[in-house]
Every structure is written in C-alpha cells, then in structure tokens.
Amino acid sequence: FGLAGLGAIAVLAASAPLLFPGGPWKMVAMPMLPPLSPGFPLGTDILGRDVAAQVAYGAVVSLAVGIVSTMATLLVGIVLGALAGYLGGRVDDIVMRVTEFVQTIPSFVLAVVLVALFTPSLAMVIIAISIVSWPPVVRLVRGEFLSLRSREFVQACVAMGMGDARIILLHCLPNALPPIIVTGSLMVATAILTEAGLAFLGLGDPNVMSWGTIIGAGREVLRTAWYVCTLPGVAILFTVLALNLVGEGLNDALNPRLKER
C-alpha cells in the first residue's frame, strides 16, 4: 500500500506539466470556485488559480525537497558516523560532542532561524533541513560501526593490511546499509513536513509552489474556502503515510530479527 501510494504521488508529480501546461500560478477562472466545478475538480483559490494544478506542482517541489535533503543528510551522517564509530578515540569524542550540541537545539526552530537569516529559497530550505537532520543519522551509523569493527571479518581485513578507507567502504558500510535505508525512507517524510511548516510560515521559496505554500496562502479563507488548505494537507498526509509504510516494510524485509518472527 505504501509503494502504491508513493507511486501515485510520483506519477502525479511527473505528469504535472502535461496535465497542467499553464502552470500553478495562472489565473484561470473565478476565485473560490468550489470543488467539482466544471473544468476544475478541486476548485480554485482566492486568486482564481486551479487548486488541482497547485497540488500537482506542489508534489514536484515537496518530493524534490524531501529526496535531495535526505540524500545530503545521509551523506553527512554516514561520513561522520563511520569515522566516529570505526576510528574511535579523539575523532569519536569530537564528532559526538558536536552532534550532542546540535541535538540540544529544537530542530524546527533551528531550521526557521537558518532560513530567516538568509534569503528564503529552495536551496536554503534544503540546506537548513539537512543541517538539522544529520545528528540522528550520525548516532545510528556510529552504533553500527562500533559493532562491526570488532567482528572477525573486519579483524581479518586489518590483519591482511587493508587500509581504513577500504575496510570502511567495502566491508563495514555494506553491512550497515539496511538500517540506514530504513531511516532514509522515514527522513524523506520528515523533510516534507518540515518544508511544509517553513512554507506555511512564509519562509519557503516564493518562486515555487509547494504544499505548504498553498496551505499558508489559503489559511485566510479557511472558513469560506476550506478546500484550499484541506486538499494539500490531505496530500501531505497521504505522502507521509505512504513513506512511513514503505519504511516499515523495509524494516520488516531488512531486519533479520523480524524475518525470524
């Protein structure tokens, strides 16, 4: 069910330019047409823009932010966690102290501050989400590498004279990938929620249409045109639920303890 839902959102995002060639910003009808109006199945917003087009193009932005920020977060987390867990000693102390310091700051508040300090843009939103999201990945990867470095196959590699970089990349990292993959799938959902929250507060990129931007623009007419906020909210709910189901499925498939059950 998670894969089916995620696939439907991906198809919607990919087909947005074909379904709505005019884009999400074009005023195409009378303002605040209700859903199921002729030619506008999801209605129009306060400026007469097609809500269906906004939701479709919002899927492109939200998925892009979620995937790119998660990839950047995993890259930073894997590098720092692998070095801390495998090398230990002073490297481990430095990495963990920095990680603990970042974790003491509420992640969403830190993201708001980072975006507010600079010009709100899609790149800045991705950078801010990546900065606040890497500490849990570092802890996860460090724990995996602490367990792996004492295994017999790693000790055999050391006895054969292999370098640390080769052992980390070719022998330890492949064995640590299953929990990282599960965490990554769940982090995409968290990144989409964070981006929606930033856009709702007016800290998103004003030049792109995301689900959070639609909700933020429609909150002023929530009582008279509820669908402007509700429909992109349902899209966020559906996408996050699908990603969480995919994460749970990956956990069941890749966790050997759960396989035995």
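Preceding block: the structure.
Residues numbered from 1 in each chain as written. Predicted model: local features only at pLDDT ≥ 70, side-chain atom pairs only at ≥ 80, totals over all residues. Heavy atoms only, no water.

Glancing now at the overall build of the protein chain. Looking only at helices and strands, one finds ten helices and zero strands in the protein chain. For the protein chain, the N- to C-terminal ordering of α and β elements is α-α-α-α-α-α-α-α-α-α. For the protein chain, the spread of C-alpha atoms along the principal axes amounts to about 75 × 45 × 30 Å. Counting the 261 residues in the protein chain, one finds 44% classified as buried. Across the protein chain, the fraction of contacts at a sequence separation of at least 24, relative to all contacts at a separation of at least 6, is 71%. Entry remark: accessible area of the protein chain is about 13,500 Å², with carbon and sulfur atoms responsible for 70%. Charged side chains in the protein chain number 14 positive and 14 negative. The centres of these two groups are separated by 3 Å. (Helix = DSSP H or I, 4+ residues; strand = E, 2+ residues; numbered from the N terminus. Buried < 20%, exposed > 50% of the residue type's maximum accessible area, 1.4 Å probe, protein only. Contact = heavy atoms within 4.5 Å. Areas by Shrake-Rupley, 256 points an atom, 1.4 Å probe, with all protein chains shown as cover. Lys, Arg positive; Asp, Glu negative; His and termini not counted. Charge placed at Lys NZ, Arg CZ, Asp CG, Glu CD.)

A separate point is the packing of aromatic side chains. Taken as a whole and judged by the stated rule, the model has one aromatic pair. Summarising the aromatic geometry, the rings of W226 and Y227 are spaced 5.9 Å apart at their centres and angled 85° between planes, so their arrangement reads as edge-to-face. Residue W226 is classed as partly exposed on the basis of its relative accessible area of 47%. One cation-aromatic arrangement involves R219 over F200; the distance from NZ or CZ to the ring centre is 4.9 Å. (Phe/Tyr/Trp six-rings, centres within 6.5 Å; stacked < 30°, edge-to-face > 60°. Lys NZ or Arg CZ within 6 Å of the ring centre and 35° of its normal.)

This part takes up the environment of A165. Mapped onto the elements of the fold, A165 is located in helix α7 (residues 164-200). Since its relative accessible area comes to 53%, A165 is described here as exposed. With 94 residues separating them along the chain, A165 and M71 place their C-alpha atoms 21 Å apart.

In total, this model carries four salt bridges according to the counting rule given. Across the salt bridge formed by R49 and D45, the nearest N and O atoms sit 2.8 Å from each other. Neither residue differs from the other here; R49 and D45 are each classed as buried. Here R97 and E100 are joined by a salt bridge, their closest N and O atoms 3.0 Å apart. (Salt bridge = Lys/Arg side-chain N within 4 Å of Asp/Glu carboxyl O.)

These results come straight from atomic positions and should not be treated as a statement about function.
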